[in-house]
Amino acid sequence: MVGTSTAALTLWAYYNQGYQHGLTLPPLTQNTSSHPPSAPAPKLHEPEDFDSTRAKFSKFMTKLALVFLSDPTRYATDAAKISYAASYLSGSAADWFEPHLNKATGAIRFTTYEAFVRALKNAYDDPDARATAECKLHNLKQGNKDCSAYHAEFCTYTTTLNYDDMTKISFFSNGANQDLKTVLLYQASPPKTFDEFVQLYIKLDNRAKQLRSQTHHPAHTGLAPASRPAPTPVPASGTASGTAPGPMDLSQADRTPRKRGPLSLELWKYRQENYLCMYCGGSGYWASVCPLSSKPKRVNAVPTMPPPPQEEPATGDKRLYEVATN
């Protein structure tokens, strides 16, 4: 370039050299494509305030660990973790943390988050968590709960105790209700692992509930109810003190003295619907004046129907055997 100074030529040479070198570099978009922007942290439920209740300490620490794990960039320093955890202390737990904070400078006396957790654990964690879990496990009973709900509560204690499968099976069986214990007697070879054993228990428990629902609520057959025979009228005759049963035909009655056994539910209903004597089954009189009854008769007594007999309990073992073998 004519008329150009040496200094300008030198600058131009440096510029041209840099320009040529820039052409050899890959595009800027290719360099950044291998580092995509980080995904936003998942949204989690915030932990509940810890108010120094000992039973809530373990859950509180678990919730904090999930929060820190979900967003490691935000909680990369120990100071950030301690500040976040301390903000959820309330009640006496907040009073415990207050001396560890310098209000003038905002400095925290705990140098690491691990030291903070260790001090908080010494203050509020159960010092003998294993003994507490064993006591709760001994007192745990299924009762009327579903087997799945019983299993969920059972696992909250065995996780701390770290029992083997045979020990857990023994504790689980002792706490189950009596129906399931009876059903298990019909199992020739019950599972040896705890998970398979629990699955069998839940399956048998569901079958037992289905059988009970079918027994208490029989299916509708759609058949019309049988016609009721016409009741035999009870004649009455007037007396000076009131009304008493009239003359009755005792020619067909069995006068042999004997002890009457308990009535079945079907026989009791049949005699009630047909106005028959609840003691011997005869017609035309009530059990209070039955000639075959050994009880003394009261003259001019107002006949009353006896209370319905209690239904005999069904044979539970037979139904449980159906559950275990089906």
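Residues numbered from 1 in each chain as written. Predicted model: local features only at pLDDT ≥ 70, side-chain atom pairs only at ≥ 80, totals over all residues. Heavy atoms only, no water.

## Examining the overall build of the protein chain
Stated formally: Helix and strand definitions here come from DSSP, where helices need a minimum of 4 consecutive H or I residues and strands a minimum of 2 consecutive E residues; each element is numbered from the N-terminal end. Burial here depends on accessible area, computed with a 1.4 Å probe over protein chains only, as a share of the maximum for the residue type. Under 20% is buried, over 50% is exposed, and the range in between is partly exposed. We call two residues in contact when some of their heavy atoms are within 4.5 Å. Under the convention used here, a 1.4 Å probe and the Shrake-Rupley method define accessible areas, while residue burial counts only the protein chains that appear.
Helix and strand counts for the protein chain stand at 13 helices and 2 strands. Put simply, the protein chain has 326 residues, and 25% of those count as buried. Counting contacts in the protein chain only where the partners sit at least 6 residues apart, residues at least 24 apart contribute 55% of the total. Split by element, the accessible area of the protein chain, about 23,200 Å² in all, is 56% carbon and sulfur.

## Let's talk about the pattern of salt bridges
For clarity, the cut-off: Counted as salt bridges are all cases of a side-chain nitrogen of Lys or Arg within 4 Å of a carboxyl oxygen of Asp or Glu.
In total, this model carries 5 salt bridges according to the counting rule given. Arginine 74 is paired through a salt bridge with aspartate 71; the nearest N and O atoms lie 3.6 Å apart. By relative accessible area, aspartate 71 is classed as buried at 16%. For arginine 118, the salt bridge identified is with glutamate 114, shortest N-O distance 3.8 Å. Here the residue arginine 118 and the residue glutamate 114 both occupy positions in helix α6 (residues 113-124), the gap between them amounting to 4 residues, near one helical turn. For glutamate 114, a relative accessible area of 58% puts it in the exposed group.

## Some thoughts on helix α4 (residues 78-86)
Those residues of α4 that sit buried are Ile82, Tyr84, Ala85 and Ala86. Elements that come into contact with the buried residues of α4 comprise α3 (57-70), α5 (92-97) and α6.

## Details of the confidence of the model for the protein chain
A low pLDDT score tells you not to read the predicted coordinates there in detail. Operational definition: pLDDT measures the predictor's confidence residue by residue and takes values from 0 up to 100.
Per-residue confidence for the protein chain averages 76 on the pLDDT scale, and 63% of its residues sit at or above 70. Every residue in residues 221-225 scores below 50 in pLDDT, and together they form 0 contacts with partners more than four places removed in sequence or on other chains.

## Notes on the environment of alanine 85
By secondary structure assignment, the location of alanine 85 is in helix α4. Taking the relative accessible area as the measure of exposure, alanine 85 reaches 0% and is therefore buried. Apart from residues lying up to four places away in sequence, alanine 85 is in contact with Phe60, Leu64, Tyr113 and Phe116.

## Brief notes about the side chain of serine 70
This is how it is decided: Two N or O atoms form a polar contact when they lie within 3.5 Å of each other; inside protein one atom must be a possible hydrogen donor and the other a possible acceptor, and for residues adjacent in sequence the pair counts only when both atoms belong to side chains.
Mapped onto the fold, serine 70 is located in helix α3. Here valine 67 takes part through its backbone oxygen, which lies 2.7 Å from a polar atom of the side chain of serine 70. Excluding residues within four positions of it along the chain, serine 70 makes contact with Ala41, Pro42 and Leu44.

## Side note on the packing of aromatic side chains
So the rule is basically this: Only rings of Phe, Tyr and Trp enter the pairing, Trp through its six-membered ring, and a pair is recorded when the two centres are within 6.5 Å. The plane angle decides the type: under 30 degrees is stacked, over 60 is edge-to-face, the rest tilted.
By the definition in use, this model includes 22 aromatic pairs. Note on phenylalanine 110 and phenylalanine 116: the rings are 5.6 Å apart at their centroids and 80° apart in plane angle, and the pair reads as edge-to-face. Relative to phenylalanine 172, the ring of tyrosine 150 lies with its centre 4.6 Å away and its plane at 40°, an arrangement referred to as tilted. A residue pair is termed long-range when its members are at least 10 positions apart, and tyrosine 150 in helix α8 (residues 147-161) and phenylalanine 172 in helix α9 (residues 165-175) qualify at 22 residues. Across the pair, exposure class does not vary: tyrosine 150 and phenylalanine 172 are buried alike.

## Notes on the nonpolar core
The cut-off we apply is this: Here, the term nonpolar core denotes a set of buried Ala, Val, Leu, Ile, Met, Phe, Trp, Tyr and Cys residues that are joined through side-chain atoms within 4.5 Å.
Counting 24 residues, the largest nonpolar core has Leu89, Tyr113, Phe116 and Leu120 as its most contacted members. Where this core is concerned, the elements lending two or more residues are α3, α4, α5 and α6. Leave out the neighbours within four places in its chain, and leucine 89 touches Phe50, Phe60, Ala94, Trp96, Phe97, Phe116 and Leu120.

## A short note on α8
As a reminder, the rule being used: Multiply 1.5 Å by the residue count of a helix minus one, and that product is the helix's expected span. Bend is the name given here to the angle between axes fitted to two runs of seven residues, the run ending at a residue and the run starting at it.
The terminal C-alpha atoms of α8, which comprises 15 residues, lie 21 Å apart, in line with the 21 Å expected from a rise of 1.5 Å per residue. Its maximal kink placed at cysteine 155, α8 deviates by approximately 30°. Of the positions making up α8, those classed as buried are Cys147, Tyr150, Phe154, Tyr157, Thr158 and Leu161. Just past α8, the residue asparagine 162 takes up positive phi, approximately 60°.

## As for unusual backbone geometry
The general pattern is negative phi for most residues beyond glycine and trans for most peptide bonds. Positioned with a positive phi, asparagine 162 is a non-glycine residue whose angle comes to about 60°. With a relative accessible area of 67%, asparagine 162 lands in the exposed category. A positive phi angle is found at tyrosine 275, which is not glycine, with a value near 55°. Of note, tyrosine 275 is situated in the loop between α12 (265-273) and α13 (316-325). Tyrosine 275 gets classed as partly exposed once you look at its relative accessible area, which sits at 40%.

## Points about the side chain of asparagine 177
Residue placement: asparagine 177 occurs in the loop between α9 and α10 (178-184). Separated by 3.0 Å, the side chain of asparagine 177 and the backbone nitrogen of leucine 180 make a polar contact. Those residues in contact with asparagine 177, other than ones at most four positions away along the chain, are Gln142 and Gly143.

## Observations concerning the packing of α3 against α6
Under the convention used in this document: A fitted line through C-alpha atoms represents every axis, and for helices the fit uses only the stretch in contact; the resulting angles, taken between N-to-C directions, go from 0 to 180 degrees. For this classification, under 35 degrees means roughly parallel, over 145 means roughly antiparallel, 65 to 115 means roughly perpendicular, and everything else is oblique. Handedness of each helix crossing follows the sense of rotation of the near helix against the far helix: counterclockwise by less than a right angle gives left-handed, clockwise gives right-handed.
Put simply, α3 and α6 touch, their axes get as near as 11 Å, and they point 165° apart. Taken together, the axes of α3 and α6 are roughly antiparallel relative to one another. Both α3 and α6 take part in a crossing whose hand is right-handed. Touching Phe57, Phe60, Met61, Leu64 and Phe68 of α3 are Tyr113, Val117, Leu120, Lys121 and Tyr124, all from α6.

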